Amino acid sequence: FSADGSYFAYSNGTVIKVLKTNHWAIECTLPRPKAFYLKFSPLGKYLATWELYTVTKDKPEGSSNMFIYELSSGLEVFATVQKNPTDWEPSWSSDESLFAIVVGGEALFYEISGDITSFHRHTRKIGGNRGAVVSLSPGACPPYVAVYTPGSKGGPSMCKLYKYPSLLPNQAIACKSFFQADRVDLLWNKRGSGILLLTSTEVDKSGASYYGNQSLHFMATKGDSCSVPLCEYNGVT
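Remember, predicted model here, so these are calculated numbers, not experimental data. (Residues numbered from 1 in each chain as written. Predicted model: local features only at pLDDT ≥ 70, side-chain atom pairs only at ≥ 80, totals over all residues. Heavy atoms only, no water.)

Moving on to the sheet that holds strand E15 (residues 174-178). As summarised here, the arrangement of the four strands in space is E12-E13-E14-E15, forming an open sheet in which the pairing is antiparallel. The open sheet has two edge strands with one neighbour each: strand E12 (133-136) and E15. Strand after strand, the sheet turns through a mean of 15 degrees between neighbouring axes, direction not considered. Across six bridges, the pairing between strand E13 (residues 144-149) and strand E14 (residues 157-163) is antiparallel. Paired with Val 147 across the strands is Lys 160, a residue of E14. (Pairing = 2+ DSSP bridges. Helix = DSSP H or I, 4+ residues; strand = E, 2+ residues; numbered from the N terminus. Axes fitted to C-alpha atoms, helices over the stretch in contact; angles between N-to-C directions.)

All right, on to the packing of aromatic side chains then. Under the counting rule described, the total for this entry stands at 18 aromatic pairs. Look at Phe 78 and Tyr 110: their rings are 5.3 Å apart centre to centre, the planes differ by 80 degrees, and that puts the pair in the edge-to-face class. Within this pair, whereas Phe 78 is found in strand E7 (residues 75-80), its partner Tyr 110 is found in strand E10 (residues 106-111), the two being separated by 32 residues in sequence. Here Phe 78 matches Tyr 110 in class, with each residue buried. Between the aromatic rings of Phe 109 and Tyr 164, the centroid separation amounts to 5.6 Å while the plane-to-plane angle is 40 degrees, which identifies the pairing as tilted. Placement of the pair is Phe 109 in strand E10 and Tyr 164 in the loop between E14 and E15, with a sequence separation of 55 residues. On the accessibility criterion, Phe 109 (0% relative accessible area) is buried. (Phe/Tyr/Trp six-rings, centres within 6.5 Å; stacked < 30°, edge-to-face > 60°. Buried < 20%, exposed > 50% of the residue type's maximum accessible area, 1.4 Å probe, protein only.)

This part is about the layout of surface pockets. The probe, sized like a water molecule, is rolled over the atoms to show the empty space still left. Taken as a whole, the largest pocket spans an internal volume of roughly 1100 Å³. Around the largest pocket sit 40 residues that line it, and Asp 87, Trp 88, Glu 89, Val 133 and Val 134 are the ones nearest its centre. Secondary structure elements with two or more residues in the lining of the largest pocket: strand E4 (37-40), strand E8 (91-92), strand E9 (98-103), E12 and strand E16 (183-188). Class assignment for the residues of the lining of the largest pocket results in 20 nonpolar, 12 polar and eight charged. (1 Å grid on protein atoms, 1.4 Å probe; cavity = no way out; pocket = protein on both sides within 12 Å on 5 of 7 lines; lining within 4 Å. Points joined across faces, edges and corners; volume = space filled by probe spheres on them. Nonpolar A, V, L, I, M, F, W, Y, C, P; charged D, E, K, R; others polar.)

Looking now at the pairing of E15. The side-chain alternation of E15 yields one buried face, formed by Ala 174, Lys 176 and Phe 178, and one unburied face, formed by Cys 175 and Ser 177. For E14 and E15, the ladder comprises five bridges, and the chain directions are antiparallel. Along E15, the bridge assignment pairs Lys 160 with Cys 175.

The strands making up a sheet are joined through hydrogen bonds of the backbone, oriented either antiparallel or parallel. A sheet is described by the order of its strands in space; here four strands give the open sequence E4-E5-E6-E7, paired in antiparallel fashion. Strands at the two margins of the open sheet, each flanked by one partner only, are E4 and E7. Within the sheet, the average angular offset between the axes of one strand and its neighbour, ignoring direction, is 20 degrees. Relative to E7, strand E6 (residues 66-70) runs antiparallel, the two sharing five bridges. Within E7, the residue paired with Met 66 across the bridge is Thr 80.

Below, the discussion takes up the pattern of salt bridges. Taken as a whole and assessed by the stated rule, the structure comprises five salt bridges. For Arg 183, the salt bridge identified is with Asp 185, shortest N-O distance 2.6 Å. For Arg 183, a relative accessible area of 28% gives the class partly exposed. Salt bridges sharing common partners tie together Asp 87, Arg 183 and Asp 185. (Salt bridge = Lys/Arg side-chain N within 4 Å of Asp/Glu carboxyl O.)

This is the structure:
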């Protein structure tokens, strides 16, 4: 379902169908028989789809497996390669005037003007490492931007907050570094004034837990950040 419940999308293994829920009429049909995940944009103007990345004899380099469609026309407006099934979806501003996506370790930003050609070239970017994650805040437009970069060669992972379009390294509003983070979930509050970073590792190297290790951090758009202590209840954090 879209955020306001006005659209419902499903895949039947042949096509994707998008329906208007007020009368259940088909809004559009999209030619993506292998779609595995679907994600609406905040206002329901666009639908992102993801399918398994594959290579073939004819295309050993592979081909795009993440797509964005404009629902009013049914047109494909964006396509790229997203090999990882986690954090594959783009992040949108609340008014859909901006979307961001990580491709090849770089966070790319596209300013959407209503013309589908605005999806063809990014307007800004932030360099990073493989496994980076970008998230735009809800509420304020232009939004705040959280960019997570995983650590490398024993170095710490890091998350920085920016106010779009000020994305230079010295324009970060807040910065939080931490160790032991194989992945991170970025969780904004509804006002977009603060974000929780839930970090996790697949294996707890201390041996205290079979299920890996988790930690929680907080960052605010006012510039402050802190670690959030986790309580343990009956051996479960």
